[in-house]
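Secondary and tertiary structure notes
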Amino acid sequence: MGSRIRGLYGSTAIGLSVIALTPCIAGAQQVDGLRGLVSETDITSSIQDSSETGISAPAYTPATPSPAQQAGSENDRANRAPSTAVERERARAARNNPALTVSGSASLDPLVTEAIPESEEEASAAERIERAEALNQRTGAIESDYQTADENPYAPLGLRVGTFIVTPTLEQGLTWTSNADSSTNGAEAVISQTTLRLNAASDWSRHAATLGAYGIYRKSVSGEEVSDLEGGIDGSLRFDLARDYTALASLGYSISPESASSPVIITGVDDRPLRHAIDGSLGLSKDLGKLRLSATGSVSRQQYGDATLIDGSTLSQEERNSTLATLRLRTGYAVSPALTPFIEGEFGRRFYDEKQDSAGYERSATRLAARAGVMVDIEEKLSGETSIGWIAEDLDDERLDTVSGLALAAALNWSPQRGTNVRFDGSTTIEGTTDAGDSGSILYAGTLRVERQIRANLIAEAAAGLSWRDYMSGGHDLTMNGEAGMTWWLNRTLGLTGRARYEKRTSSLPDRDYDATSVFMGIRMQR
């Protein structure tokens, strides 16, 4: 009996000691941010998690907890460490000022399901969190059905052929003209005109290539008889080599009936000869700091078919066939990224297939030219070049005078505002002839073209041209022309187009004056 009493006293003492120490342990746990009192459910869960099976079993939770369990859960929540930024901010404010209490008139906290904030300091902390969330908004999903609007919904899409994007265009319509063959005695006619164009551009990460081709067929529907075909193809290739070297190559071919405004006059002609032109060039350029150096060799071949006379016979034009080979050397200095003045020298030789023409003249010649100009590149606003100089061709036959004159050239693209493009082209050409005692002529030609996108599907364009031909034997031709037109796209593929043109030539030579007015209406298709 005595031993049982002593054991009872010992057990009682140990229990009292545990009870006495419990508040201190709980206080220390609260200060250190621990969970507080450990419930029997948590102990059971811990034992089950540390079993040898390694499979954790969830703690049992009754569907309707008892009042004691509810009180225990509330104590756990009160003593557990905050789990969100809002709760951690409120806990920090409570520790700094524990005297703050909840007032019955306090405003609702919109951040935590409209709960009542414990203090004004806690409300300001919530406002800081709200501002932070506003500055760091959640990013949406990468995948989205949203698509940006097409910048030009009527522009051609093109066809991919290998590594090239090919854009075909077909135009079909009727032309009324007051002068079908642009001659002095030309008559009016209604002409069916079909035009096919193909443009291709490479899609390479390095180097670049372009290709263009066109064909035009004209056939009279009524009026003066007209039936002709013309076409051409040209391509260019740019190689970006090492050490700032760039190689440029181009090749082109065209065929067309010779114009009635040709300087070579063929009397009694019913059908003018076909003119074949082959042009090729190969060049190499090098950048040395701000210095720009380039050398370009080119070959141009002119070949003519037979002319059909009124009496049905043919007249050979072989004596007009010639080949011109030239070499141009250019040196430029980039005073700024947008402006590069340059000087250029040219040496060449023109070879005629026949040493002497039908009149006994040797028309092969040596060419010399010198030019000074400037290259411009102001991003998307203005680009191109213009030059002025002197050009001369000294014919082998001493009886013929040297063909010489001012050399003018220009190729400028200007975009004053978005949707408006202005292009100016100018050239100087030495033209040969087979007229006895005549050395030839110099042709100066310039064209100014303006294109304006009025709306996304409405494009207007206008052009004005001027040419002056100076004959070495005396005399001149002045030709002026103007054109205006519009294209209205019904969709990306089909459009309606129309244009009006007027051309007039006055000459100091007899039987060379003419004027012509024409109007075209048709449809245009593109891909």
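Please refer to the structure higher up on the page.
Once a new chain begins, its residue numbering starts again from 1 and follows that chain's sequence as written. Where totals are concerned, whole chains, interfaces and linings use all residues; where local detail is concerned, this predicted model gives features only for residues with pLDDT of at least 70, and gives and counts side-chain atom pairs only at 80 or more. For side-chain calculations, the full set of non-hydrogen atoms in the structure is used, while hydrogens and water are omitted.

Right, let's talk about the overall build of the protein for a bit. The way it works is that DSSP assigns letters per residue, a run of H or I at least four long becomes a helix, a run of E at least two long becomes a strand, and they are numbered from the N terminus. Within the protein, the regular secondary structure consists of 5 helices and 22 strands. Exposure categories follow from relative accessible area, calculated using a 1.4 Å probe and restricted to protein chains: below 20% of the type maximum is buried, above 50% is exposed, and the middle band is partly exposed. For the protein, the residues scored as buried account for 28% of the 527 residues in total. When contacts within the protein are restricted to residue pairs at least 6 apart in sequence, those whose partners lie at least 24 apart make up 52%. Whether two residues are in contact is decided by their heavy atoms: any pair within 4.5 Å suffices.

Below, the discussion takes up the nonpolar core. In this structure, Y361, A365, A369, I391, L395, L400, V403, A407, I430, I442 and Y444 together form the largest nonpolar core, which totals 11 residues. Looking at this core, the elements that each hand over two or more residues are β14 (365-378), β15 (382-395), β16 (403-417) and β18 (441-455). Setting aside its immediate chain neighbours within four residues, I442 contacts V403, S404, G405, T428, T429, I430, W468, R469, D470 and M472. Here, nonpolar core refers to any group of buried Ala, Val, Leu, Ile, Met, Phe, Trp, Tyr and Cys residues whose side-chain atoms link them within 4.5 Å.

Turning next to the packing of aromatic side chains. Centre distance within 6.5 Å is the pairing criterion for rings of Phe, Tyr and Trp, where only the six-membered ring of Trp is used; planes under 30 degrees apart are then read as stacked, over 60 as edge-to-face, and the remainder as tilted. Scanning the model with the defined rule gives 1 aromatic pair in all. Seen in terms of ring centroids, F164 and W204 are 5.6 Å apart; in terms of plane orientation they differ by 75°. Their pairing is edge-to-face. In this pair, F164 is assigned in strand β2 (residues 164-177) and W204 in the loop between β3 (189-202) and β4 (208-223), connecting sequence segments 40 residues apart. Overall, W204 belongs to the partly exposed group, its relative accessible area being 33%. For a lysine, the NZ atom is tested; for an arginine, the CZ atom; a charge sits over a ring if that atom is within 6 Å of the ring centre and within 35 degrees of the ring normal. In this arrangement the basic side chain of R320 is found over the ring face of Y304, its NZ or CZ atom lying 3.9 Å from the centre. Taking NZ or CZ as reference, R499 lies 4.3 Å from the ring centre of F520, over its face.

What follows is about the pairing of β18. Here 12 bridges tie strand β17 (residues 420-431) to β18, and the two strands are oriented antiparallel to one another. By the bridge assignment for β18, T429 is matched with L443. Only when DSSP finds a minimum of two bridges between them are two strands counted as paired. Counted between consecutive antiparallel strands, the loop separating β18 from strand β19 (residues 458-471) contains 2 residues.

Turning next to the sheet that holds strand β10 (residues 307-309). The strand order across the open sheet formed by 3 strands is β7-β10-β11, and the pairing between neighbours is antiparallel. Unpaired on one side and paired on the other, β7 (269-271) and β11 (314-315) mark the two borders of the sheet. Direction of pairing for β7 relative to β10: antiparallel, over a ladder of 2 bridges. By the bridge assignment for β10, D271 is matched with T308.

As a further point, take the pattern of salt bridges. What makes a salt bridge here is a side-chain nitrogen of Lys or Arg within 4 Å of a carboxyl oxygen of Asp or Glu, nothing more. Within this structure, the stated rule accounts for 26 salt bridges. Residue E171 pairs with R499 through a salt bridge whose shortest N-O separation is 3.0 Å. Within this pair, whereas E171 is found in strand β2, its partner R499 is found in strand β21 (residues 494-507), the two being separated by 328 residues in sequence. For D240, the salt bridge identified is with R238, shortest N-O distance 3.0 Å. Residue D240 is classed as partly exposed on the basis of its relative accessible area of 23%. Salt bridges sharing partners connect three or more residues here, namely R330, E344, E346, R350, R367, R371, E385 and E393.

Along the chain, the position of S227 falls in strand β5 (residues 227-240). In the structure, S227 is positioned 35 residues away from S192 in sequence and 9.6 Å away in space, judged by C-alpha atoms. Sequence-distant contacts of S227, defined by excluding residues within four places in its chain, comprise Y217, R218 and K219.

For patch building, the residue pool is restricted to those with more than 30% relative accessible area and no salt bridge; the joining distance is 9 Å between like charges and 5 Å between nonpolar side chains (Val, Leu, Ile, Met, Phe, Trp, Tyr). The protein chains shown are the only cover counted for residues, whose accessible areas, like all others here, come from Shrake-Rupley with a 1.4 Å probe. On the surface, L170, L196, L198, W488, L490, L496, I523 and M525 cluster together to form a nonpolar patch covering roughly 640 Å² of accessible area. Note that L496 resides in strand β21. Looking at L496, the relative accessible area reads 37%, which means it is partly exposed.

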